[in-house]
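# Residue-level structural notes
So you can see what is in the structure, the chains are spelled out below.
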Amino acid sequence: MPEGGGTLLTSLAGWLEWVEAFPSSAAVRESLNGYPALLSLHVISMCLFGGLVLMMDLRLVGIGNRGTPFRQLQRRLFPWQMVGMVISTITGLILVYGQPTRFSTNIFFLLKMVMILLASVNALAFHFSTYLSIDKWERSPVMPFGAKSAGVLSVVLWVGVIVTGRLIAYNWFEVR
Amino acid sequence: MLKPFFDWFQELPFSVMFRQSTWLFPMFDAVHLVALAIFAGAVLLVDLRLLGVGVKDRPIAAIFRDAQPWFIGSSAVLFVTGVSMLMGNGEKYYYSEFFWQKMIAVVIAFTLTFTLRRRVALAGEGRVRPIWLRATGLTSIGLWAFVVIWARLIGLV
């Protein structure tokens, strides 16, 4: 870190090193069975969350599950998507807790976090705009622009999350 | 028994290129995972419906037909990316017990999916008793979860 620049980043890095020294953090990264178990759960919950979000998105874009009205997919799949999201968030947080400085210096991890944020904003924006008028467009053969674009953005961002998530393991370069 | 085949497989020009490239394996790995998400979505849509906790508003057969193209498409991508990664590192997979156990589970799961599960889903709620619908959904979810977890373990152990 250059002199005089980024005091906030410096203190964040110091804070992460402090966390990494906790015995409980060391316990996570040194656990023989815990690490594979956490990663497995993370992938399984990704299948539940990502898989069902993508199935819903395909309907929004208008290229999949076209026989089912969007609202039925949304209402029935939402609880399962949330179960997946909660498990992947918890396992993800524990994995980061075990090696905070490894993740904070990994470009793919940082990109993944940005894309999760953008995907969440996209979902909320859709829910509080286009989705409010679903009565008008649900039965129409062509989805309105707001629905299609929210669907496309969601697919692109969640696919990006999966790809960058996988690439975290390949540390070609690190940000310092 | 299959060792000579694996040795031959990993010395093919594509395999050598795959192994020597820094980014080819990670890219295929990432595409494999994206295809897995779509695959899982298409499987779960039907299995949750079989269990009676999914999109209950529509008949099972209708959900199954809508999900089928995505199931087939993602299976094809999983196969191509999977075989490519196998070609690059034949030896590693040959000696991994998780790999072989995963492959056996994949064969069993696909066989059941294209026979029993397909017939049950297409026959639907009218002609199959609820207990058998649930048993089919649960078996499918269980087998594929095994495949996913074992796949994750290949890279770790």
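This structure is a prediction, so every number in the text was calculated from the model and none was measured. (Residues numbered from 1 in each chain as written. Chains lettered and ligands numbered in written order. Predicted model: local features only at pLDDT ≥ 70, side-chain atom pairs only at ≥ 80, totals over all residues. Heavy atoms only, no water.)

## Regarding the packing of aromatic side chains
Here a ring pair, both rings aromatic, is described through the centre-centre distance and the interplanar angle of the planes. The criterion, for reference: Working definition: rings of Phe, Tyr and Trp (its six-membered ring) pair if their centres are within 6.5 Å, and the pair is stacked with planes under 30 degrees apart, edge-to-face with planes over 60 apart, and tilted otherwise. To qualify as a helix, a DSSP run of H or I must reach at least 4 residues; to qualify as a strand, a run of E must reach at least 2; elements of each kind are numbered from the N terminus. Only protein chains enter the accessibility calculation, which uses a 1.4 Å probe; a residue whose area is less than 20% of its type maximum is buried, one above 50% is exposed, and one in between is partly exposed. Only when the NZ of Lys or the CZ of Arg is both within 6 Å of the ring centre and within 35 degrees of the ring normal is a charge said to sit over the ring.
As enumerated under the stated definition, the model contains 30 aromatic pairs over all chains in all. Ring centres of F5(B) and W8(B) lie 5.8 Å apart, and the angle between their planes is 40°; on these two criteria the pair is classed as tilted. Separated by three residues within a single helix, F5(B) and W8(B) lie in helix 1 (residues 3-9), roughly one turn from each other. Judged by its relative accessible area of 41%, F5(B) is partly exposed. One residue, R102(A), lies across the ring of F103(A), its end atom 5.0 Å from the ring centre.

## A closer look at the nonpolar core
We apply this condition: Side-chain atoms within 4.5 Å are what join buried Ala, Val, Leu, Ile, Met, Phe, Trp, Tyr and Cys residues into a set we call a nonpolar core. Residues count as neighbours in contact if any of their non-hydrogen atoms are within 4.5 Å of one another.
Formed by 43 residues in total, the largest nonpolar core has its most connected members in L52(A), L36(B), L45(B) and V46(B). Of all the secondary structure elements, the ones that give two or more residues to this core are helix 3 (34-61) and helix 4 (70-98) of chain A together with helix 3 (24-50), helix 4 (60-88), helix 6 (97-123) and helix 7 (130-154) of chain B. A per-element tally of this core places helix 3 of chain B first, with 14 residues. Here L52(A) is in contact with C47(A), L77(A), W80(A), Q81(A), G41(B), L44(B), L45(B) and L48(B), once residues within four sequence places are set aside. Counting 20 residues, the second-largest nonpolar core is a separate cluster that includes F108(A), Y170(A), M85(B) and I154(B).

## Re the confidence of the model for chain B
For the record, the criterion: As a per-residue quantity, pLDDT reports the predictor's confidence and falls between 0 and 100.
Across chain B, pLDDT averages 94, with 100% of residues at or above 70. The ipTM, which scores confidence in the relative placement of chains, is 0.94 for this predicted complex, and the corresponding pTM is 0.93.

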